[in-house]
Amino acid sequence: MKNKYPIGILGATGMVGQRYIQLLENHPWFEIAWLAASDRSSGKLYGDAAKWRLEAPLPERIAKMTVSPAEPEGAPKVIFASVDATYARELEPKFAAAGCAVLSNSSAFRMAPNVPLVIPEINAEHLHLIDAQPSRAESGGYMVTNPNCSTIGLVMALKPIEERFGIEQIFVSTMQAVSGAGYPGVPSMDILGNVVPYIGSEEEKMEEETLKLLGKLKGQTVTPLAARITAHCNRVAVEDGHTECVSIKFAKPATREEILAAWADFRPLAGKELPTAPDQPVQWAAQNDRPQPRLDRNRGNGMAVTVGRLRPCGLLDWKFVVLSHNTIRGAAGATILNAELLASLGKLEPMEAAPPDRSGALQRKRNMEVVDDIVAGVFGGGVRGPGVI
């Protein structure tokens, strides 16, 4: 694995765990070295433990790997985690305390004040919060989270608008794919020919996470965006791809052409050479009946979001439709892109545990280094690939 980071997957047999495996096959920076799942799967070959559900074949090397217990002992120092929030609350801090960088798709710590909730194109500067976590000073480990699958598409479309015009109110109604519920997910008798107008905790997640992601980092605190938001979340009979109907009130007037230009110009990671980052993260579909999940969810290898149907709103200012691939951009791909950003900033390198910093000087120095790295690496100069570890 010379020149590649060994990666561990926690929750490897689930739907998002399978997406990690698919997306990491032949990844230039990362290589899967460890798989872990529940006691039911531990000790089995992965090919026997997992019911593979993706269209791409299960890589033979992965099928022959033995599933490990969900414990830090023997795990690599970079962990991609996708386990139920109940288990994540216990497991993820254990791995961070053992010196691991935990890149999590779970909701358990997204809203924790000292845990970064990050989309690289949106708020990379929030990675400053890593050094506010006790485990960072004690063992070198930390936790970084990516947002809920429905939140990511929304925020990707909102960020270019918020930057140029400001946002005061957001109304969003979602039509969410069944894959977002995992496997086996929603029973067929409940979803076929039907719409389920409730997804547990989904509306609360969208509302809270959107404002944190679009908020400003002040010291070691994120001040949420001062906007009002309401979300309606619905499960529909679509396999992959979350569609969202959005209406927004701007802080200052904008024309249709100015909004389209904001989306077209939004390329904050251009030239940074992060392998999973799409060239054009927000893509415009001009047809009246687009975007559609079947036709548009795989744009940018599933990492781009597609916007369409931009038109004046009779209640607020403007309304549009946004579509994103919920298990790629909205889950596994989001975690991988966060890891690529951290690698480019040198934050996946092993770090020696430091002695107690009673004066706070060492912590302040580290905080400044994180800010400097982010400014130089994301908004300034080039990005470097992974080193030999």
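Residues numbered from 1 in each chain as written. Predicted model: local features only at pLDDT ≥ 70, side-chain atom pairs only at ≥ 80, totals over all residues. Heavy atoms only, no water.

Brief notes about the environment of G314
- Relative to the helices and strands, G314 resides in the loop between β13 (305-312) and β14 (318-324).
- The class for G314 is exposed, based on a relative accessible area of 84%.
- Separated by 67 residues in sequence, G314 and S247 place their C-alpha atoms 9.6 Å apart. (Helix = DSSP H or I, 4+ residues; strand = E, 2+ residues; numbered from the N terminus. Buried < 20%, exposed > 50% of the residue type's maximum accessible area, 1.4 Å probe, protein only.)

Focus: the environment of S139
- Residue position: S139 is located in the loop between α6 (134-138) and β5 (142-145).
- Considered as a pair, S139 and A98 are 41 residues apart in the sequence and their alpha carbons are 6.3 Å apart.
- In terms of polar contacts, S139 uses its side chain to reach the backbone carbonyl oxygen of A97, at 3.1 Å.
- Reaching out from S139, the side chain makes a polar contact with the backbone nitrogen of G141 at a distance of 3.2 Å. (Polar contact = N/O pair within 3.5 Å; in protein donor to acceptor, adjacent residues only side chain to side chain.)

Structural notes on the sheet that holds strand β7 (residues 195-196)
- The 7 strands are arranged β7-β10-β6-β11-β14-β13-β12 in an open sheet whose pairing can be described as mixed. The strands lining the two open edges of the sheet, one partner per strand, are β7 and β12 (282-285).
- Across 8 bridges, the pairing between strand β6 (residues 167-176) and strand β11 (residues 242-250) is antiparallel. If you follow S173 over to β11, its bridge partner there is C245.
- Against the sheet, helix α9 (residues 202-213) engages β6, β10 (228-236) and β11, with an angle of about 140 degrees to β10. (Pairing = 2+ DSSP bridges. Contact = heavy atoms within 4.5 Å. Axes fitted to C-alpha atoms, helices over the stretch in contact; angles between N-to-C directions.)

Overview of the side chain of E209
- Within the element layout of this structure, E209 appears in helix α9.
- Judged by its relative accessible area of 2%, E209 is buried.
- Side-chain polar atoms of E209 contact the backbone nitrogen of N148, separated by 2.8 Å.
- Leaving out residues up to four positions away in the same chain, E209 has contacts with R110, M111, L117, P147, N148 and T151.

Some details on the confidence of the model for the chain
- On average, residues of the chain score 91 in pLDDT, and 89% of them are at 70 or above.
- Below pLDDT 50 for its whole length, residues 353-368 participates in 18 contacts with residues either more than four positions away or in separate chains.
- Between residues 370-389, whose pLDDT stays under 50, and residues either more than four places distant or in other chains, the model counts 52 contacts. (pLDDT = per-residue confidence, 0-100.)

Describing the packing of helix α1 (residues 15-24) against helix α12 (residues 328-344)
- One can describe the packing of α1 onto α12 by two numbers: an axis separation of 9 Å at closest approach and a directional angle of 55 degrees. The orientation of α1 relative to α12 falls into the category oblique. Crossing of α1 against α12: the hand is right-handed. Across the interface between the two elements, V16, R19, Y20, L23 and L24 from α1 touch I328, A331, A332, G333, T335 and I336 from α12.
- Looking at the contact of α1 with α12 residue by residue, the classes come out as 8 nonpolar, 2 polar and 1 charged. (Parallel < 35°, antiparallel > 145°, perpendicular 65-115°, else oblique. Left-handed = near helix turned anticlockwise from the far one by under 90°. Nonpolar A, V, L, I, M, F, W, Y, C, P; charged D, E, K, R; others polar.)

Describing the nonpolar core
- Grouped together as the largest cluster of nonpolar side chains are 46 residues, with contacts concentrated most on L24, F30, L35, Y46, F80 and L348.
- Of all the secondary-structure elements, those providing two or more residues to this core are β1 (5-10), α1, β2 (30-36), β3 (78-81), β4 (101-104), β5 and α12.
- The residues touching L24, leaving out its near neighbours within four places in the chain, are I7, I9, F30, I32, F80 and I336.
- Formed by 40 residues, the second largest nonpolar core is a distinct cluster that contains V155, V172, F250 and V322. (Core = buried A, V, L, I, M, F, W, Y, C linked by side-chain atoms within 4.5 Å.)

Here we look at unusual backbone geometry
- The amide bond that connects Y183 to the next residue, P184, takes the cis arrangement and shows omega of 5 degrees.
- Its place among the elements puts P184 in the loop between β6 and α8 (188-191).
- At the junction of R290 and P291, the peptide bond is cis and its omega measures out at 10 degrees in the coordinates.
- In this structure, P291 sits in the loop between β12 and α11 (293-296).
- Even without glycine at this site, N26 takes up a positive phi of about 65 degrees.
- Accessibility expressed as a relative area gives 68% for N26, which makes it exposed.
- Despite not being glycine, R309 shows a phi value in the positive range, around 55 degrees.

Focus on the packing of aromatic side chains
- Applying the stated criterion to the full structure yields 8 aromatic pairs.
- A centroid spacing of 6.0 Å and a plane angle of 55 degrees characterise the contact between Y5 and F30, whose relative ring orientation is tilted. Here the residue Y5 occupies a position in strand β1, and F30 occupies one in strand β2, the gap between them amounting to 25 residues.
- Given the relative accessible area of 0%, Y5 is considered buried. (Phe/Tyr/Trp six-rings, centres within 6.5 Å; stacked < 30°, edge-to-face > 60°.)

Re the layout of surface pockets
- Estimated volume of the second largest pocket: approximately 300 Å³.
- Lining of the second largest pocket is provided by 16 residues; of these, M15, V178, S179, Y183 and E239 occupy positions nearest its centre.
- Residue composition of the lining of the second largest pocket, by class: 7 nonpolar, 4 polar and 5 charged. (1 Å grid on protein atoms, 1.4 Å probe; cavity = no way out; pocket = protein on both sides within 12 Å on 5 of 7 lines; lining within 4 Å. Points joined across faces, edges and corners; volume = space filled by probe spheres on them.)

Concerning the pairing of β13
- Strand direction decides the pairing type here: β12 and β13, joined by 4 bridges, are parallel. Each bridged residue has a counterpart across the sheet, and for W284 the counterpart in β13 is V307.
- Two elements, β13 and β14, share 5 bridges in a ladder whose sense is antiparallel. Opposite V307, over in β14, you have V322 as the bridge partner.

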